[in-house]
Amino acid sequence: MTPLRKTLLWGVLGTIVVYGIVCADVVLRARHAYREGEKAANPKEAYAWYESAATLFVPPESKWSRMARDRMPLAKEKWKADLKARHIPFDEAMLE
């Protein structure tokens, strides 16, 4: 094998390894954000955690980001109900 091919091979392998590490990090961050949303007692905080998992930590698309995207509407409805129960006026744009 020529030195050029060897260098090229190491460069490609290094790039693949770095890409894999970055993808794993993003998936783990999405998992962390989803789990924090599950633990959050306040619906506003839960929505914020789910939104982070669904929007900030993609690509790559993971099961955590998909599950967070599915939970966002329910968390938002709970947040609205909480604001109504505390008689706090709000507009839909304020919840984005």
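Here goes a summary of the coordinates provided.

Each value, and the rule that gives it
Residues numbered from 1 in each chain as written. Predicted model: local features only at pLDDT ≥ 70, side-chain atom pairs only at ≥ 80, totals over all residues. Heavy atoms only, no water. Helix = DSSP H or I, 4+ residues; strand = E, 2+ residues; numbered from the N terminus. Expected span 1.5 Å × (residues − 1). Buried < 20%, exposed > 50% of the residue type's maximum accessible area, 1.4 Å probe, protein only. Arc of directions from axis to C-beta. Contact = heavy atoms within 4.5 Å. Polar contact = N/O pair within 3.5 Å; in protein donor to acceptor, adjacent residues only side chain to side chain.

This brings us to helix H2 (residues 43–56). Each α-helix turn comprises 3.6 residues. Residues three or four places apart therefore point the same way. Taking 1.5 Å of rise per residue, the 14 residues of H2 would be expected to cover 20 Å, and the 19 Å separating its terminal C-alpha atoms lies within 8% of that figure. Of the positions making up H2, those classed as buried are Pro 43, Ala 46, Tyr 47, Tyr 50, Ala 53 and Ala 54. With its buried residues spanning 130° around the axis, H2 presents them on a single face. Where the residues of H2 are buried, they touch helix H1 (3–39) and helix H3 (63–85). The N-cap of H2, judged by a side-chain oxygen 2.9 Å from the amide nitrogen of Lys 44 a few residues on, is Asn 42.

Along the chain, Lys 80 falls in helix H3. Looking at Lys 80, its side chain comes within polar contact range of the side chain of Glu 92, at 2.9 Å. Lys 80 has contacts with Phe 90, Glu 92 and Leu 95, leaving out every residue within four places of it along the chain.

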